[in-house]
Amino acid sequence: GIQVEQSPPDLILQEGANSTLRCNFSDSVNNLQWFHQNPWGQLINLFYIPSGTKQNGRLSATTVATERYSLLYISSSQTTDSGVYFCAVKGTNAGKSTFGDGTTLTVKP
Amino acid sequence: DAGITQSPRHKVTETGTPVTLRCHQTENHRYMYWYRQDPGHGLRLIHYSYGVKDTDKGEVSDGYSVSRSKTEDFLLTLESATSSQTSVYFCAATGSGANVLTFGAGSRLTVL
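Worth saying up front: this structure is predicted, and the values here are computed from it rather than measured.

Caption draft 1: Region of interest: the overall build of chain B. Across its full length, chain B carries zero helices and 11 strands. Secondary structure elements of chain B, listed N to C terminal, follow the sequence β-β-β-β-β-β-β-β-β-β-β. On C-alpha atoms alone, chain B measures out to a radius of gyration of 13 Å, which is about the 13 Å that the 2.2 N^0.38 rule sets for 112 residues. Summarising its shape, the C-alpha atoms of chain B cover approximately 40 × 30 × 25 Å along the three principal directions. Taking all 112 residues of chain B together, the buried fraction comes to 49%. Sequence separation of at least 24 residues holds for 54% of the intrachain contacts in chain B that already meet a minimum separation of 6.

Caption draft 2: Structural detail: the sheet that holds strand β7 (residues 65–70) of chain B. Residue and element names in this part refer to chain B. Overall, antiparallel pairing links the four strands, which are arranged β1-β3-β8-β7 in an open sheet. Two strands in the sheet have a free side with no partner beyond their single neighbour: β1 (4–7) and β7. Taking each pair of neighbouring strands and ignoring which way they run, the sheet shows an average axis angle of 20°. Pairing of β7 with strand β8 (residues 73–78) involves four bridges; the strand directions are antiparallel.

Caption draft 3: Geometry of the interface of chain B and chain A. Facing 16 residues of chain B, the contacting portion of chain A comprises 16 residues. Between chain B and chain A, the buried area comes to about 1,400 Å², and carbon and sulfur atoms account for 56% of it. Among the elements that line the side of chain B that touches chain A, the one with the most residues is strand β5 (residues 42–51) of chain B, at four residues.

Caption draft 4: Representation of the state of the cysteines. Residues and elements named next belong to chain B. Applying the stated criterion across every chain yields a total of two disulfides over all chains. There is a disulfide in this structure between C23 and C91, and the S-S distance comes to 1.9 Å. Because the torsion about its S-S bond is -75°, the bridge between C23 and C91 counts as left-handed. A residue pair is termed long-range when its members are at least 10 positions apart, and C23 in strand β3 (residues 19–25) and C91 in strand β9 (residues 87–94) qualify at 68 residues. C91 carries the same exposure label as C23, and that label is buried.

Caption draft 5: Representation of the layout of surface pockets. Volume-wise, the largest pocket comes out at about 380 Å³. Taken together, 19 residues make up the lining of the largest pocket; nearest its centre are G1, I2, A94, K96 and T98 of chain A. Breaking the lining of the largest pocket down by element, the ones donating at least two residues are β10 (98–99) of chain A together with β5 of chain B. Here the lining of the largest pocket takes three residues from β5 of chain B, the largest share from any one element. The calculated volume of the second largest pocket comes to roughly 310 Å³.

Caption draft 6: Quick look at the sheet that holds strand β6 (residues 52–56) of chain A. Residue and element names in this part refer to chain A. Spatially, β1-β3-β8-β7-β6 is the arrangement adopted by the five strands of the open sheet, whose pairing is antiparallel. Each edge of the sheet is formed by a strand with only one pairing partner; in this case those strands are β1 (4–7) and β6. When strand polarity is set aside, the average angle formed by the axes of neighbouring strands in this sheet is 15°. Bridge count for strand β7 (residues 59–64) against strand β8 (residues 69–74) is six bridges, and the pairing is antiparallel.

Caption draft 7: Looking closely at unusual backbone geometry. Here the residue pair S7 of chain A and P8 of chain A is connected by a cis peptide bond, since its omega of -10° sits within 30 degrees of zero. Here P8 of chain A is to be found in the loop between β1 and β2 (10–14). Looking along the chain, the bond that leaves S7 of chain B and enters P8 of chain B is cis, with omega of -10°. Residue placement: P8 of chain B occurs in the loop between β1 and β2 (10–13). Phi at S76 of chain A takes a positive value of approximately 45°, unusual for a residue other than glycine. Inspection of the secondary structure puts S76 of chain A in the loop between β8 and β9 (83–91). S76 of chain A gets classed as partly exposed once you look at its relative accessible area, which sits at 39%.

Conventions we followed
Residues numbered from 1 in each chain as written. Chains lettered and ligands numbered in written order. Predicted model: local features only at pLDDT ≥ 70, side-chain atom pairs only at ≥ 80, totals over all residues. Heavy atoms only, no water. Helix = DSSP H or I, 4+ residues; strand = E, 2+ residues; numbered from the N terminus. Rg over C-alpha atoms; globule rule 2.2 N^0.38 Å. Buried < 20%, exposed > 50% of the residue type's maximum accessible area, 1.4 Å probe, protein only. Contact = heavy atoms within 4.5 Å. Pairing = 2+ DSSP bridges. Axes fitted to C-alpha atoms, helices over the stretch in contact; angles between N-to-C directions. Buried area = accessible area lost by both parts, 1.4 Å probe. Disulfide = S-S within 2.5 Å. 1 Å grid on protein atoms, 1.4 Å probe; cavity = no way out; pocket = protein on both sides within 12 Å on 5 of 7 lines; lining within 4 Å. Points joined across faces, edges and corners; volume = space filled by probe spheres on them.

So this is what it looks like as structure tokens:
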């Protein structure tokens, strides 16, 4: 099946700093999503982005499907951005999504 | 928001006992999924359903069974719970386009 690798595994920032999280995948995809899991365990969809670029406030994401990676940008980070960020992809011949192991982000005040 | 509720939210049980987790959605979504989340493993798919009475295995299906007798309900059953099934279980759903996964709040299961 498709392999998904996220980097870095852990990231510690000061409040106000910017960051880039990466998701690499091993095959063609027709679905890619970014999720945030907050410290209470809730999983929230951030972006559905199989290709192209999207922005939502301080967050933006870019997927370059031909090169098999996606990037999640967080600008002017806040303590509420802390948590785990997951990338989930669905291969073009797959019926379900595969998750990466996540990036744990800690934003310090 | 797919309006997904999971029950129970927390359960402690003993090895060898049967356990059923329930997922209920209110948006008439076609696809439903059960994942487990363990430290160091992210989320792994247990079983999924693509319609009433239509289910298939995920990557970690051993020891689990599922049933979907109604569109809104997807049940996950551990016939005889083992300590290795201690985990947090998440239900998710998507519509016919199967594009955006929406998750429930999770069910924390501890098997002693």
